[in-house]
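Per-entry structural report
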Amino acid sequence: MQSDTMPPKVEPLATDETDRLISSEKVDGTAVYNTAGDRLGDVHHVMIDKYTGQVDYAVMSFGGFLGIGESCHPLPWHKLTYDTGLGGYVVDLDARQLEAAPRYTASNQPDWSDPGYRDRIDQYWMIPPI
């Protein structure tokens, strides 16, 4: 029983995950699977709109070995669905679609400030213009 003189018990705040929120630190490195359960790659990082606060893209690392030959593929965030059973994100695409998608490498970084770059990503994934 709690008295009037004792402060209410406060549960510690989750620092990296709740049922609706997850820290970007936990998203980085999370596996990405297709709907057949094949592992396609891992989330390398996310791109967040500074003005809306919404995650626009998950940049997935794909291929390569020990970072050599690896490419990064921006995927629209809304295409990813988290699967608790897999402990990763699921996207409805196959390796062939991913290989044809816009990509870049560590030595050939994109210019995210170029509206044409985002337009090419959005056109490939059939995202309507804003």
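Look up a bit, the structure's there.
What you see is a predicted model; the values in this text were computed from it and never measured. (Residues numbered from 1 in each chain as written. Predicted model: local features only at pLDDT ≥ 70, side-chain atom pairs only at ≥ 80, totals over all residues. Heavy atoms only, no water.)

1. Points about the side chain of T30
Inspection of the secondary structure assignment puts T30 in the loop between α1 (24-27) and β1 (31-34). According to the relative accessible area criterion, T30 is buried, its value standing at 12%. Here the side chain of T30 touches K26 through a polar contact of 2.9 Å, landing on its backbone oxygen. Here the side chain of T30 touches V27 through a polar contact of 2.9 Å, landing on its backbone oxygen. The contacts of T30, once residues within four sequence positions are left out, are G41, D42, V43, Y82, G87, G88 and Y89. (Helix = DSSP H or I, 4+ residues; strand = E, 2+ residues; numbered from the N terminus. Buried < 20%, exposed > 50% of the residue type's maximum accessible area, 1.4 Å probe, protein only. Polar contact = N/O pair within 3.5 Å; in protein donor to acceptor, adjacent residues only side chain to side chain. Contact = heavy atoms within 4.5 Å.)

2. As for the packing of aromatic side chains
On inspection of all chains with the given rule, the structure shows five aromatic pairs. For the pair W112 and Y117, a centre-to-centre distance of 5.1 Å together with 85° between the ring planes defines the contact as edge-to-face. Since its relative accessible area comes to 22%, W112 is described here as partly exposed. Residue class for Y117 comes out buried when judged on its relative accessible area of 9%. Where Y124 meets W125, the ring centres are 4.9 Å apart and the plane angle is 90°; that geometry is what we call edge-to-face. Look at Y124 and you get partly exposed, because its relative accessible area is 30%. A relative accessible area of 7% means that W125 is categorised as buried. Members of the aromatic cluster, each reached through a chain of ring pairs, are Y57, W112 and Y117. (Phe/Tyr/Trp six-rings, centres within 6.5 Å; stacked < 30°, edge-to-face > 60°.)

3. Comments concerning the nonpolar core
Of all hydrophobic cores here, the largest spans 22 residues; its most connected members are V43, M60, L75, L80, V91, L93 and L98. With five residues, strand β3 (residues 55-62) is the largest single contributor of residues to this core. Those residues within four positions of V91 in sequence are excluded, and the remaining contacts are V32, Y33, N34, T35, L40, L75, K79 and L80. (Core = buried A, V, L, I, M, F, W, Y, C linked by side-chain atoms within 4.5 Å.)

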